[in-house]
Amino acid sequence: MKIAVGGILFEGNTFTLSKTTIQAFHDTYYFEGGDMLSSLRGGEVEVSGALSVFDAAGAEVHPLIATHGGAGGMVTRECFEELKERLLAQLGQASVDGVYLALHGAMICEQTDNAEVELLQAVRDRTGAVPLVISCDLHAHITPAMVELCDAIVGYQHYPHDDAFETGARAAGLLISTISKATPLKLHMTKLAMLVSPTMAGTRNNTPMREAYKASRALEALPGVLSVSYFPSTPWAERKDGGTAFVMVSDGSLDSPETLLSKVVTDLWKARDRFEVQLVTLDEALEGGRAVAGKPVVLSEMSDAVGAGAAGDSAYVLDQYLSSGAKESLLVQIVDSDVVEQAKSQGVGAFIECRIGNKIENRHGGPVTLSAQVISMPDGRFTYKGGPMAGARSTVGHAAVLRSGNVTILVTSRSAYEYADEQYAAAGIDIRGFKFVVVKNPMNYRQAYSWAPRLYALDTPGAGRADLQKLNWTICARPFYPLDDSEEPLYRY
């Protein structure tokens, strides 16, 4: 059998002021044709998992493109057209028996309400009715149009995400099965008008999503049920029909698949109050952290999480920390290409006067004026330790390590998804040497820094803030939870 394989992944944020160009995809990873096969075989991403299954089955792989743009603001139309056309160009007029695509499912793009649907339709126009199976991030925005275009949709089972490879392998297994047995797959979907904050939606600790994980795995043990996925779509990519979707793939033998899904869905709704976020102010975190023996005390500034699509240039915590007069050492990362260039022009060891941060996201304060010494100038390249891009090489662009009194700042030219301390480590910074360390992700930090003596989730402003009720909602159709409530579940579909 001949199978076309590719992927275009990106997670959007509609609350940020930034835009995303093709450079973001090349900065993370971007492979075409044969390079995709040589680079991703043996890797850890979704396409790697799919390739392992196709290779084991003796399938002929027709490579398209595989790329990940991380997360950020609206993808420019020019960027999306280039990605779509490159994928279609590699597909050409090839006659294939099936198609596997790795998608994130939460891309936002200029001039379209659903970029993934537009991409899938373009692929369908080329390949006709051959089986088309996709894998998606757990935070995908699943719609009836997407279901209509696909034979199967498979999502990550874990959050924090550490099963990208396995997800690609599961999706590939379904595709191989339907091609070899010539039996159609059936998709069933239901969707709650319910958005949840990712910081309270992990599948490894005691949360309603953990219970949904276990219930879904139990359903998959039933005859006829091939896959059950849940998609609490990223709340920071605001959609009119945003919410939490459940998707079942069956072999067509089930009499009432919706009934099987209903208990998982209603149980999640009944547990909705357990998604309430537990946040603290910076002052509260500093006071509590001072009483903790050892270091580092990890401060999650999730409101500026690049993985949530924020710009990564917030200087809010830096400003508040300096204003507080705190004496303990602090480490923080801020995106600011202007300051990197200023440091580069002066050189290592120089003292500079700079205005740092809050240049892209400037709604919560202006740049912070700082006198600092240039400690080093890293090249910004690093390798992901885990998460959905485990093993992938990436870059934050040219960088500078600055020190101002008790504060150390890693200033980068570009934003990049953060899993653990790989960006700090690549810059030669050992986070264990600081009392307080700022990280910018909403969930990964709980797993990546579980060894730290104390972790705090900060209530700070920004495009990725965890308290969803404090975001400026303008599109999402009411009623929806958590802005609205109801004893009975609120449904989209």
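Residues numbered from 1 in each chain as written. Predicted model: local features only at pLDDT ≥ 70, side-chain atom pairs only at ≥ 80, totals over all residues. Heavy atoms only, no water.

1. A closer look at the packing of aromatic side chains
Note the following rule: Note on aromatic contacts: the rings of Phe and Tyr and the six-membered ring of Trp form a pair at centre separations within 6.5 Å, being stacked when their planes are under 30 degrees apart, edge-to-face when over 60 apart, and tilted otherwise. Relative accessibility thresholds used throughout: buried, under 20% of the residue-type maximum; exposed, over 50%; partly exposed, between the two (1.4 Å probe, protein chains only). Going along the chain from the N terminus, every DSSP run of H or I of four or more residues is numbered as a helix, and every run of E of two or more is numbered as a strand. When the NZ atom of lysine or the CZ atom of arginine is within 6 Å of a ring's centre and also within 35 degrees of its normal, the charge is said to sit over that ring.
For the structure on display, the rule yields 10 aromatic pairs. Judged by centre distance (6.0 Å) and plane angle (20°), the ring pair of tyrosine 29 and phenylalanine 31 falls under stacked. Relative accessible area serves as the criterion here: at 6%, tyrosine 29 is assigned to the buried category. Here phenylalanine 31 falls in the partly exposed class, since its relative accessible area comes to 21%. Each ring, one from tyrosine 384 and one from tyrosine 417, has its centre 5.5 Å from the other, and the planes form 50°; the classification is tilted. Of the two residues, tyrosine 384 is situated in the loop between strand 16 (381-383) and strand 17 (393-395) and tyrosine 417 in the loop between strand 19 (407-412) and helix 13 (422-426); the sequence distance between them amounts to 33 residues. For tyrosine 384, a relative accessible area of 3% corresponds to the buried category. The positively charged end of arginine 432 is found above the aromatic ring belonging to tryptophan 451, 4.2 Å away from the centroid.

2. Notes on the sheet that holds strand 18 (residues 399-404)
As a reminder, the rule being used: A pair of strands counts as paired when DSSP detects no fewer than two bridges linking them. Only C-alpha atoms enter the line fits that serve as axes; for helices the fit covers just the stretch in contact. Angles between N-to-C directions range over 0 to 180 degrees.
Strand order in this open sheet of 8 strands is 14-15-18-19-13-20-12-21, and the pairing throughout is mixed. What marks the edges here is a single partner per strand, and that holds for strand 14 (351-356) and strand 21 (454-457). Neighbour-to-neighbour, the strand axes of this sheet turn through a mean angle of 30°, independent of strand direction. Alignment of strand 12 (residues 297-300) against strand 20 (residues 436-439), held across 4 bridges, turns out to be parallel.

3. Points about the packing of helix 4 (residues 77-91) against helix 5 (residues 115-127)
Spelled out, the test is: Roughly parallel means an angle under 35 degrees; roughly antiparallel, over 145; roughly perpendicular, 65 to 115; everything else is oblique. A clockwise turn of the near helix away from the far one marks a right-handed crossing, whereas an anticlockwise turn of less than a right angle marks a left-handed crossing. Note on contacts: a residue pair is in contact if any heavy atoms of the two residues lie within 4.5 Å.
Interhelical geometry of helix 4 versus helix 5 gives an angle of 25° and a closest axis separation of 11 Å. Judged on the interaxial angle alone, helix 5 and helix 4 are roughly parallel. In this structure, helix 4 crosses over helix 5, and the sense of that crossing is right-handed. When helix 4 is examined against helix 5, the residues Arg77, Phe80, Glu81, Lys84, Leu87, Leu88 and Leu91 are found in contact with a partner set consisting of Ala115, Glu118, Leu119, Ala122, Val123, Arg126 and Thr127.

4. Examining the layout of surface pockets
Inclusion rule: Space inside and on the surface of the protein is sampled on a 1 Å grid over the protein atoms alone, with a cavity defined as a set of points where a 1.4 Å probe fits but cannot get out and a pocket as an open set with protein on both sides within 12 Å along at least 5 of 7 lines; lining residues have an atom within 4 Å of a point. Grid points are joined across faces, edges and corners, and a volume is the space filled by probe spheres set on the points. Three classes are used: nonpolar for Ala, Val, Leu, Ile, Met, Phe, Trp, Tyr, Cys and Pro, charged for Asp, Glu, Lys and Arg, and polar for all others, with Gly counted as polar.
Empty space within the largest pocket amounts to approximately 540 Å³. For the largest pocket, the lining is made up of 34 residues, of which Lys19, Ile360, Ser413, Arg414 and Ser415 are closest to its centre. Taken together, the elements giving at least two residues each to the lining of the largest pocket come down to strand 2 (19-20), helix 1 (22-28), strand 4 (60-72), helix 12 (337-346) and strand 17. Residues of the lining of the largest pocket, tallied by class, amount to 12 nonpolar, 15 polar and 7 charged. Empty space within the second largest pocket amounts to approximately 360 Å³.

5. Notes on the pattern of salt bridges
Keep this limit in mind: A side-chain nitrogen of Lys or Arg and a carboxyl oxygen of Asp or Glu constitute a salt bridge if their distance falls within 4 Å.
Taken as a whole and judged by the stated rule, the model has 27 salt bridges. One salt bridge connects aspartate 485 with arginine 272, and the closest N-O pair in it is separated by 2.6 Å. Of this pair, aspartate 485 sits in the segment after strand 21 while arginine 272 sits in the loop between helix 9 (257-270) and helix 10 (282-290), and the two are 213 residues apart along the sequence. You can call arginine 272 buried: its relative accessible area is 10%. For arginine 290, the salt bridge goes to glutamate 328, with nearest N and O atoms at 2.8 Å. Taken together, the positions of arginine 290 in helix 10 and glutamate 328 in the loop between helix 11 (316-324) and strand 13 (330-335) put the pair 38 residues apart, joining distant regions of the chain.

6. Notes on unusual backbone geometry
In this chain, lysine 295 is followed by proline 296 through a cis amide linkage whose omega measures 5°. As for its placement among the helices and strands, proline 296 is situated in the loop between helix 10 and strand 12. Here the residue pair arginine 478 and proline 479 is connected by a cis peptide bond, since its omega of 0° sits within 30 degrees of zero. With respect to the helices, strands and loops of the structure, proline 479 is situated in the segment after strand 21. Residue glutamine 111 is not a glycine yet carries a positive backbone phi of 70°. Mapped onto the secondary structure, glutamine 111 falls in the loop between strand 6 (98-103) and helix 5. On the basis of relative accessibility, which here comes to 69%, the residue glutamine 111 falls in the exposed class. Positive phi, close to 55°, is recorded for asparagine 358, a residue that is not glycine. Looking at the element boundaries, asparagine 358 is found in the loop between strand 14 and strand 15 (368-376). The buried category is assigned to asparagine 358, whose relative accessible area is 8%.

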